[in-house]
Amino acid sequence: MQPKLRRTHLFAAHQRLGARLIEFGGWEMPVQYSSILEEHLAVRNAAGLFDISHMGEVLVTGPGAERFLNQTLTNDVRKLVVGLGQYTLLCNEAGGVMDDLYAYCLAESEYLLIINASRIQADVAWLRERLAAFPERARATLQDASDSFGAVAVQGPRVRGFIDCCFPGAATGGTPVAKASELRKNQLAHLGFGGDTILVACTGYTGEDGFEVVARDDVIVAVWERLLEVGATHGLKPCGLGARDTLRTEVCYPLYGHELDENTTPLEAGLGFFVAFDKGEFTGHAALAEQKASGVAKRCVAFKMTGRSAPPRTHYTIWSSGASPVRLGTVTSGTQSPSLRIGIGLGYVSPEFARPDTPVAIEIRGQHAPAVIVPKPIYRKPV
Amino acid sequence: MTNVPADLRYTKSHEWVRVLGDTATIGITDHAQHELTDVVYVELPAAGRQLKAGESCAVVESVKTASDIYSPLTGEVLEVNQAVVANPALVNSDPYADGWFLKLRVANAAELQTLLQADQYAAQIG
């Protein structure tokens, strides 16, 4: 018997908007409302609104919180002043990625982690295990608040022009801005919203300007409706997971379960920038330092098809090009790029073949379709 | 409300057929394009290829999935629609006209009896 799929508090809103629904990580989520291509282009050219309430929220508080997180996550948590967030990774002792996530400092000794929906159980179990082994564990508290919070992402070049109208007023916590549109990349503020408090962060997963809003479950519907209402005159469209995937693939953001998993390290994934080797001991440090010294066995690369072809897809084989093809690796994400109108993707190959301009071939239905390794990101905003 | 033109014939696998003399034009239905969503790639057979009824003859790929297209009839491929190869979105915008896939010479007129009428196909898709 199939366990029932979970639904966010915005499910009724998705139905009203005529969303096509699919299963994702145990949740029933919109894959599209009108068309993936249309929604993708709306985000690139105007604005798009995503339900990301399925994602997890973990609160870590107490005088020992900063040190616990700094010994558990790869990035340097000490850089987080109140109201600042950072992209970071949670690794196992072998340096394998348990999850990629955002960590925010909400207030003195108060941190919020936003984690992937498919990893909530695994992350919370691992974090509790690490906390149990933390010498100062009496000075830190961990709370899985995933079932109490919802979240939405509003992304696109026009968003900064209407965000203040949605959420007027000055910050009541976090970065002390006079209005939401003053938040810079990675900054977060507490804002009043109809008698409640919401968190607005200048972050996103699309490569566009925009914000992510976290609010209690009983407030998130009003947040969604307000954004839709105000955003309508600015071209805002509701967008599903289909567009979320094409957008992040174009800018080469990893997706857990594809570019990242427990058998892949941040170095192999090309995320060494988010590993603060000099900060001291953290989970996976020794294994990652060893790998940094001796070299990685595989490298995450971006590629672009060089001719008309069917779209490259996850699990397709990457071959060398030329007369006697050699198997190089596997595609971990692939799609037809709505912005570039060509097939694009990410995959892992041996380091010798990871250089941009290396010609390769993607095996698509038995044929070796020509492609080329390109630098990341594949899509860059035109200046 | 999906469009099912009365003057066409259909298959269970969502292909449509327009017969003129001994030439059959083939494409996929409005229901099929709606299920597939944004078509980004179409692969068609070469002219001259001999197809058997039920044989896989083309591939349609959307952003999320790939779908095989099955020939409703036996016959030789006379012509394929290059416009839909160059602009796959035509399958979504105009599945019964500009989004046609191929024309074949009907080898066995009796096979036409096995195709569904519009009301039968409409009943099948609900």
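Caption draft 1: Inspection of the overall build of chain B at higher detail. Tallying secondary structure elements over chain B gives four helices and nine strands in all. Helices and strands in chain B line up, N terminus first, as β-β-β-α-β-β-β-β-β-α-α-β-α. Whereas a compact globule of 126 residues would reach a radius of gyration of roughly 14 Å, chain B reaches 13 Å, a difference of no more than 12%. Seen along its three principal axes, the alpha-carbon backbone of chain B occupies a region of about 35 × 35 × 20 Å. Looking at chain B as a whole, 45% of its 126 residues are labelled buried. The long-range fraction of contacts in chain B, counting pairs at least 24 apart against all pairs at least 6 apart in sequence, stands at 64%.

Caption draft 2: Here's a closer look at the overall build of chain A. Check the secondary structure of chain A and you find eight helices and 20 strands. Relative to the compact-globule value of 21 Å for 383 residues, chain A shows a C-alpha radius of gyration of 21 Å, a close match. If you line up chain A on its principal axes, its C-alpha atoms span 70 × 55 × 50 Å. When burial is assessed residue by residue, chain A has 49% of its 383 residues classed as buried. Considering only intrachain contacts with a sequence separation of at least 6, the fraction spanning at least 24 residues in chain A is 64%.

Caption draft 3: Broad picture of the pairing of strand E2 (residues 27-32) of chain A. Where burial is concerned, most of E2 of chain A is hidden: five out of the six residues are buried. The antiparallel hairpin formed by strand E1 (residues 20-24) of chain A and E2 of chain A contains two residues in its connecting segment, where Gly-25 of chain A sits at a positive phi of about 55 degrees.

Caption draft 4: Looking closely at the interface of chain A and chain B. Contacts between the two partners involve ten residues from chain A and, on the opposite side, ten residues from chain B. Counting residues per element, the ones that place at least two in the side of chain A that touches chain B are helix H2 (36-45), helix H7 (241-250) and strand E17 (327-336) of chain A.

Caption draft 5: Representation of the sheet that holds strand E11 (residues 188-193) of chain A. Residue and element names in this part refer to chain A. Read from one edge of the open sheet, seven strands run E10-E11-E12-E13-E9-E3-E14, paired in mixed fashion. Of all strands in the sheet, those with a lone pairing partner are strand E10 (173-174) and strand E14 (236-238), marking the two edges. Lying on the sheet, helix H6 (residues 217-231) is in contact with strand E3 (47-51), strand E9 (149-155), E11, strand E12 (196-201), strand E13 (210-216) and E14; it crosses E9 at an angle near 15 degrees.

Caption draft 6: Representation of H2 of chain A within the structure. Residues and elements named next belong to chain A. In terms of residue burial, H2 counts as a mostly covered element, since seven of its ten residues are buried. Inspection of H2 places Ile-36, Leu-37, Glu-39, His-40, Ala-42, Val-43 and Arg-44 among the buried residues, and these make up the whole buried set. Close packing links the buried residues of H2 with E2, E3, E9, E14 and H7.

Caption draft 7: Highlighting the packing of H2 of chain A against H7 of chain A. Residue and element names in this part refer to chain A. Following both chains from N to C, one finds H2 and H7 inclined at 55 degrees, their axes separated by 8 Å at the closest point. It follows from the interaxial angle that H2 and H7 lie oblique. In this structure, H2 crosses over H7, and the sense of that crossing is right-handed. Of the residues in H7, those in contact with Ile-36, Glu-39, His-40 and Val-43 of H2 are Gly-242, Ala-243, Thr-246 and Leu-247. In the contact of H2 with H7, the residues fall into four nonpolar, three polar and one charged.

Caption draft 8: Representation of H6 of chain A. Residues and elements named next belong to chain A. The end-to-end C-alpha distance of H6 is 21 Å, a good match for the 21 Å that 15 residues give at a rise of 1.5 Å each. Residues of H6 that are buried include every one of Val-219, Ile-220, Val-223, Trp-224, Leu-227 and Gly-231, and no others. Around the axis of H6, the buried residues are gathered within 145 degrees of arc, so they sit on the same side. Across from the buried face of H6, at angles greater than 90 degrees, the exposed residues are Asp-218, Glu-225 and Glu-229.

Caption draft 9: The arrangement of the environment of Asn-75 of chain A in detail. Residues and elements named next belong to chain A. Within the secondary structure, Asn-75 sits in the loop between helix H3 (65-70) and strand E5 (85-91). In sequence terms Asn-75 and Pro-377 are 302 residues apart; their C-alpha atoms lie 21 Å from each other. Apart from residues lying up to four places away in sequence, Asn-75 is in contact with Gln-86, Tyr-87, Thr-88, Phe-274 and Ala-276.

Caption draft 10: Region of the structure containing the environment of Ala-132 of chain A. Summarising the element assignment, Ala-132 of chain A is placed in helix H4 (residues 120-132). For the pair Ala-132 of chain A and Val-326 of chain A, spaced 194 residues apart in sequence, the C-alpha to C-alpha distance is 47 Å.

Caption draft 11: Region of the structure containing the domain arrangement of chain A. Residue and element names in this part refer to chain A. Along its sequence, chain A is carved into domain 1 (11-52 + 148-250), domain 2 (56-144) and domain 3 (298-374). Each of domain 1 and domain 2 was reduced to a C-alpha centroid, and the two centroids are 24 Å apart. Opposite the 13 residues of domain 1 that make contact, domain 2 presents twelve residues. Of the residues belonging to the side of domain 1 that touches domain 2, the class tally is six nonpolar, seven polar and no charged.

Caption draft 12: The environment of Leu-112 of chain B, seen in detail. Residue and element names in this part refer to chain B. Looking at where Leu-112 falls in the secondary structure, it is placed in the loop between strand E9 (102-106) and helix H4 (118-125). Linking Leu-112 and Tyr-96, residues 16 residues apart in sequence, is a C-alpha distance of 18 Å. Not counting chain neighbours up to four residues away, the residues in contact with Leu-112 comprise Arg-9 and Val-19.

Caption draft 13: Quick peek at the sheet that holds strand E4 (residues 39-43) of chain B. Residues and elements named next belong to chain B. Within the open sheet, the three strands sit side by side as E4-E6-E7. Their pairing is antiparallel. Both edges of this open sheet fall to E4 and strand E7 (66-70), since each of them pairs with a single strand only. This sheet shows a mean twist of 25 degrees between the axes of neighbouring strands, independent of strand direction. Pairing geometry for strand E6 (residues 56-62) and E7, over five bridges, is antiparallel. Among the inter-strand pairings, Glu-61 is bridged to a residue of E7, identified as Ala-66.

Caption draft 14: Representation of the nonpolar core in the model. Residue and element names in this part refer to chain A. By size, the foremost hydrophobic cluster in this structure holds 134 residues, and its most contacted members are Ala-103, Tyr-111, Val-152, Ile-198, Val-200 and Val-213. In terms of residue count, strand E6 (residues 97-107) provides more of this core than any other element does, eight residues in total. In contact with Tyr-111, other than residues within four places in its own chain, are Val-60, Ala-65, Leu-69, Ala-103, Tyr-104, Cys-105 and Leu-106.

Caption draft 15: Representation of the pairing of strand E19 (residues 359-364) of chain A in the model. Residues and elements named next belong to chain A. Note: strand E16 (residues 317-320) against E19, three bridges, orientation antiparallel. Paired with Trp-319 across the bridge in E19 is Ala-361. Where E19 and strand E20 (residues 367-374) come together, six bridges link them in antiparallel fashion. Following the sheet pairing, Ala-361 is matched in E20 by Pro-370. Two successive antiparallel strands, E19 and E20, enclose a turn made up of two residues, where Arg-365 displays a positive phi of approximately 50 degrees.

Scoring rules and cut-offs
Position numbers for residues count from 1 along each chain, tracking the sequence in the order it is written. Both sets of labels track the order of writing: A upward for chains, 1 upward for ligands. At least 70 in pLDDT is required for a residue's local features to be given in this predicted model, at least 80 for side-chain atom pairs to be given and counted, and no such filter applies to totals for whole chains, interfaces and linings, which use all residues. Runs of H or I in DSSP of at least four residues are treated as helices and runs of E of at least two as strands, each being numbered from the N terminus. All radius of gyration figures rest on C-alpha atoms, and the globule criterion is 2.2 Å times the number of residues raised to 0.38. Each residue is classed by its C-beta neighbour count within 10 Å, where at least 20 other C-beta atoms makes it buried, 12 or fewer makes it exposed, and intermediate counts make it partly exposed; the C-beta atoms are placed from backbone geometry. C-beta atoms are first placed from the backbone for all residues, and any pair lying within 7 Å is then listed as a contact. Pairing between strands is defined by DSSP: at least two bridges between the two strands are required. Throughout, an axis means a line fitted to C-alpha atoms (over the contacting stretch in the case of helices), and angles, computed between N-to-C directions, take values from 0 to 180 degrees. Every angle not falling under 35 degrees, over 145, or within 65 to 115 is termed oblique; those three ranges are roughly parallel, roughly antiparallel and roughly perpendicular. By the definition used in this description, the sense in which the near helix is turned from the far one sets the handedness, with an anticlockwise turn below a right angle giving left-handed and a clockwise turn giving right-handed. The classification used treats Ala, Val, Leu, Ile, Met, Phe, Trp, Tyr, Cys and Pro as nonpolar, Asp, Glu, Lys and Arg as charged, and all other residues, Gly among them, as polar. An expected span of 1.5 Å times one less than the residue number is assigned to each helix. When we speak of the arc, we mean the arc of directions from the helix axis to the C-beta atoms. Residue ranges labeled as domains rest on an automatic or database domain assignment. Joining buried Ala, Val, Leu, Ile, Met, Phe, Trp, Tyr and Cys residues through C-beta atoms within 7 Å gives a set, and that set is a nonpolar core.

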